[in-house]
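A look at the structure
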Amino acid sequence: MKPTNPLRFTRRNLLRGGLAATAAIPLLETTQAWAQTAPPTRFVTFATPNGTRNSLFWPTGSETNFTLNTFTPDLGPYKSKLTFLKGIKLNPSLQNGALGGTLGSEHARGTGGMLTARPLKSGTQFKSFGDTTSGWGSGQSLDQYLATKLAPPTTFPSLQLGVHVRDTEVRARISYSGADQPIPPREDPKDVFAALFGMSTGTPGMTDPALARLWAQRKSVFDLTFNETNRIKSVVGAKDKLKLDAYQTSMRDVEKRLVGMTGTTMPPGNMCTKPTLQDVDLKNDDLYLRAGQLQMDLAIAALACDQTRIITFQWSYSESEHLFSFLNISGNHHVISHDFASSGANYDAYNKIQIWYQQQFAYLLGKMDAFKEGDRSLLDNSVVLWATEIGESTMHDLMLMPYVLAGSAGGKIRAGRLLDYSSNRRDNNQMLVSIGQAMGATDLTSFGDSTGATGPLPNLA
């Protein structure tokens, strides 16, 4: 007779294991890994560069009956899970230091203040657009505050990921553990995969030759534990079996895109050729999409497997000069973004880039929403902030920031709305307080520089 509880493991035990597939097994109905509590709330920041065009970004209509605009058509399937926050400005400390000043350009200040709500420190080590100079950010960012305050029992208290960030200056850092303490993002999908799913055995990452050899010697990291996963599938219910099937398919897809699967059609009697490592060339702008989707897949796996509950995800850097030849665009993104023309090649090119970025946001949301956690999804149990460092791109504006929240933080945010604070502008300090409270820091009443307003955003919860 089958035992009443054939799956004697918890998510914590799985995550302590060194095998990738075992560690990544999703939450099953049969195995209530969260015991008697609800799934945890996650926080993701999704940062894209070079602002927006207000007339093409903001929805039209009322709070609960609004129409998505030109820049956000692919977000339609998730409209009921979005909250557009119109009318939020950066606080007075971040408004100071106009072009030619000493506190960094609007691009730099918007980057450093995105999650800190604090100004950059004065200094001359970083020169940004307009020949302005600055030092690093002047305080802790919200992601690091929450990682410390909530102390989640995860392998990574927080995870910083990037796609073609490349830059090492203030304009490329949104996460700070404290003043003058920026945290660089991980940019190589192979290194992220190695860190998350047990490929490292004392070596620092895939850049280490020993680890690269270890990877090459394995036909597939998941082959080592597929038998165990199949055993689990044999004793769970139909819904859990479907979930495990979906998990194996999605993670195999990630693996195949990281590792070349050669020799799979060898004739009988021959051993399959060991895979060769396929690099994602981080210097090749044409591989931006490939690198980005790999990083997003890994980010979602890290959240779903409870490897972390807090992620910052950066595309390029502020003032980004990324090239989009794969979209048939000539010229770099930053130059295009500041073209004042209301029509023409640069106008059309900027619009195409902005739509492309929202397609990547839609990709992330779709993957998160597909991962079910009881009656909700991973997306429902998260708060995802889509942000950029400036508002209207041609104006270097910091008074109307294009912020969007996705997810409801497990029901703490009333989503599916357009909240318009334009008649009484709110500070980004208040948005960060709201996110912090939704994540579980219920006693948080202020965050960032004292020039900013305190308390949460009204009418959000």
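This section reports on the structure supplied with the text. (Residues numbered from 1 in each chain as written. Predicted model: local features only at pLDDT ≥ 70, side-chain atom pairs only at ≥ 80, totals over all residues. Heavy atoms only, no water.)

1. Some remarks on the packing of aromatic side chains
Summed over the entire model, instances satisfying the criterion amount to 23 aromatic pairs. Ring geometry for Tyr288 versus Phe324: centroids 5.8 Å apart, planes at 70°, classification edge-to-face. Placement of Tyr288 in helix H11 (residues 288-304) and of Phe324 in the loop between strand E13 (310-315) and helix H12 (333-337) is noted, with a sequence separation of 36 residues between them. The class of Phe324 is buried, set by a relative accessible area of 0%. Over the face of the ring belonging to Phe66 we find Lys79, whose NZ or CZ atom lies 4.8 Å from the ring centre. Residue placement shows Arg118 over the ring face of Phe447; its charged tip is 5.1 Å from the ring centre. (Phe/Tyr/Trp six-rings, centres within 6.5 Å; stacked < 30°, edge-to-face > 60°. Helix = DSSP H or I, 4+ residues; strand = E, 2+ residues; numbered from the N terminus. Buried < 20%, exposed > 50% of the residue type's maximum accessible area, 1.4 Å probe, protein only. Lys NZ or Arg CZ within 6 Å of the ring centre and 35° of its normal.)

2. Focus: the sheet that holds strand E8 (residues 159-163)
The mixed open sheet is built from seven strands, whose spatial order is E8-E13-E1-E16-E17-E4-E18. Two strands lie at the open edges of the sheet, namely E8 and strand E18 (417-420), each paired on one side alone. The mean inter-strand angle of the sheet, taken between neighbouring strand axes irrespective of direction, is 15°. Packed onto the sheet, helix H6 (residues 142-150) meets strand E1 (42-47), E8 and E13 and runs at close to 160° relative to E13. Where H11 meets the sheet, its contacts fall on E1, E8 and E13, and the angle it forms with E13 comes to roughly 175°. (Pairing = 2+ DSSP bridges. Axes fitted to C-alpha atoms, helices over the stretch in contact; angles between N-to-C directions. Contact = heavy atoms within 4.5 Å.)

3. Regarding the nonpolar core
Of all hydrophobic cores here, the largest spans 61 residues; its most connected members are Phe84, Phe313 and Trp315. With 12 residues, the single largest contributor to this core is helix H13 (residues 345-370). Apart from residues lying up to four places away in sequence, Phe313 is in contact with Thr45, Phe46, Ala47, Leu161, Val163, Gly292, Gln295, Met296 and Ala299. Listed in part, the 38 residues of the second largest apolar core include Leu142, Leu146, Met401 and Ile413. (Core = buried A, V, L, I, M, F, W, Y, C linked by side-chain atoms within 4.5 Å.)

4. Describing unusual backbone geometry
Negative phi characterises most residues that are not glycine, and trans characterises most peptide bonds. For Ser316, which is not a glycine, the phi torsion comes out positive at approximately 55°. Within the fold, Ser316 resides in the loop between E13 and H12. Despite not being glycine, Glu319 shows a phi value in the positive range, around 65°. Tracing the backbone shows Glu319 in the loop between E13 and H12.

5. Points about the pattern of salt bridges
Close approach of charged atoms allows side chains of opposite charge to pair. On inspection of all chains with the given rule, the structure shows 13 salt bridges. The partner of Lys89 in a salt bridge is Asp427, with the nearest N and O atoms 2.3 Å apart. Of the two residues, Lys89 sits in strand E5 (residues 88-89) while Asp427 sits in strand E19 (residues 426-427), which places them 338 residues apart along the sequence. Comparing Lys89 with Asp427, the two get one shared label, buried. Among the salt bridges present, the one from Asp306 reaches Arg309, with a minimum N-O distance of 2.8 Å. Both residues of the pair, Asp306 and Arg309, belong to the buried class. Among the charged side chains, a network of salt bridges with common partners joins Lys81, Asp369 and Asp380. (Salt bridge = Lys/Arg side-chain N within 4 Å of Asp/Glu carboxyl O.)

6. A short note on the packing of H6 against helix H14 (residues 428-439)
Look at H6 against H14: their axes get within 11 Å of each other, and the N-to-C directions meet at 30°. Classified by the angle between their axes, H6 and H14 sit roughly parallel to one another. As for the relative orientation of H6 and H14, their crossing is right-handed in sense. Taken together, the residues of H14 that come into contact with H6 (itself represented by Leu142, Leu146 and Leu150) are Leu432, Ile435, Gly436 and Met439. (Parallel < 35°, antiparallel > 145°, perpendicular 65-115°, else oblique. Left-handed = near helix turned anticlockwise from the far one by under 90°.)

7. Considerations on the side chain of Thr83
For Thr83, the position within the fold is in strand E4 (residues 82-86). Not counting residues up to four positions away in its chain, the partners in contact with Thr83 are Tyr403, Val404, Leu405, Ile413, Arg414, Ala415, Gly416, Arg417, Leu419 and Leu460.

8. What about the pairing of strand E16 (residues 382-387)?
Across the six residues of E16, six count as buried, placing the element largely inside the fold. Along E16, one buried face is formed by Ser382, Val384 and Trp386 and the opposite face, lined by Val383, Leu385 and Ala387, is buried too. Looking at chain direction, E1 and E16 are connected through six bridges and run parallel. Bridge pairing in E16 links Phe46 to Trp386. Where E16 meets strand E17 (residues 403-406), three bridges bridge the pair, whose relative direction is antiparallel. Each residue of the ladder has a partner; that of Val384, found in E17, is Ala406.

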